[in-house]
Amino acid sequence: MQKIRKGDEVIVIAGKDKGKQGKVLKVYPQKERVVVEGVQLLKHYVRANPQTKEEGGVFDKEGTIHISNIALFNPSTKKPGKIAIKLIKTEGEKVKRVRVFKSTQQEVGEENG
């Protein structure tokens, strides 16, 4: 189970964008990299194409950042938090895997404040 998923609110803990916060747009688990909204902005040069009426110019585009340089944002403590995977028994003999913050033992995605 991945500790960081698409749609999670994360904060950058290392690199040139340290302290920035954003939402995960895409995850590349094999490369251990993620794309975060508004982080690691790169210049993307586009040539104009008159046939499709596409404008040219310089655009900002999000690049990938290594998964070790980000941490999940804990809304209750307003700080980055470490994640643990907890096994919860449900009805019958099924076991559900849930992501929880190590500091507060609160489930990820559960709002309390």
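Residues numbered from 1 in each chain as written. Predicted model: local features only at pLDDT ≥ 70, side-chain atom pairs only at ≥ 80, totals over all residues. Heavy atoms only, no water.

### A short note on the side chain of Arg99
Then step 1. Topologically, Arg99 is positioned in strand S10 (residues 95-101).
Then step 2. Judged by its relative accessible area of 9%, Arg99 is buried. (Helix = DSSP H or I, 4+ residues; strand = E, 2+ residues; numbered from the N terminus. Buried < 20%, exposed > 50% of the residue type's maximum accessible area, 1.4 Å probe, protein only.)

### Examining the nonpolar core
Then step 1. Core analysis: the largest hydrophobic core is formed by 14 residues, its most contacted members being Val10, Val34, Ile65, Ile70 and Leu72.
Then step 2. Those residues in contact with Ile70 that lie beyond four places of it in its chain are Ile4, Val10, Ile11, Val12, Ile13, Val34 and Ile65. (Core = buried A, V, L, I, M, F, W, Y, C linked by side-chain atoms within 4.5 Å. Contact = heavy atoms within 4.5 Å.)

### Here's the deal with the pattern of salt bridges
Then step 1. Under the defined criterion, the tally for this structure stands at three salt bridges.
Then step 2. The partner of Lys20 in a salt bridge is Asp17, with the nearest N and O atoms 3.4 Å apart.
Then step 3. Taking relative accessible area as the criterion, Asp17 reaches 9% and is therefore assigned buried. (Salt bridge = Lys/Arg side-chain N within 4 Å of Asp/Glu carboxyl O.)

### Here we look at the side chain of Asp8
Then step 1. Within the secondary structure, Asp8 is located in the segment before strand S1 (9-12).
Then step 2. Residue Asp8 is classed as buried on the basis of its relative accessible area of 10%.
Then step 3. Only 2.8 Å separates the side chain of Asp8 from the backbone nitrogen of Arg5, close enough to count as a polar contact.
Then step 4. In this structure the side chain of Asp8 is engaged in a polar contact, spanning 2.8 Å, whose partner is the side chain of Arg99.
Then step 5. Beyond its immediate chain neighbours, meaning those up to four positions away, Asp8 contacts Lys3, Gly22, Lys23, Val24, Leu72 and Arg99. (Polar contact = N/O pair within 3.5 Å; in protein donor to acceptor, adjacent residues only side chain to side chain.)

These values are about where atoms sit, not about what they do.
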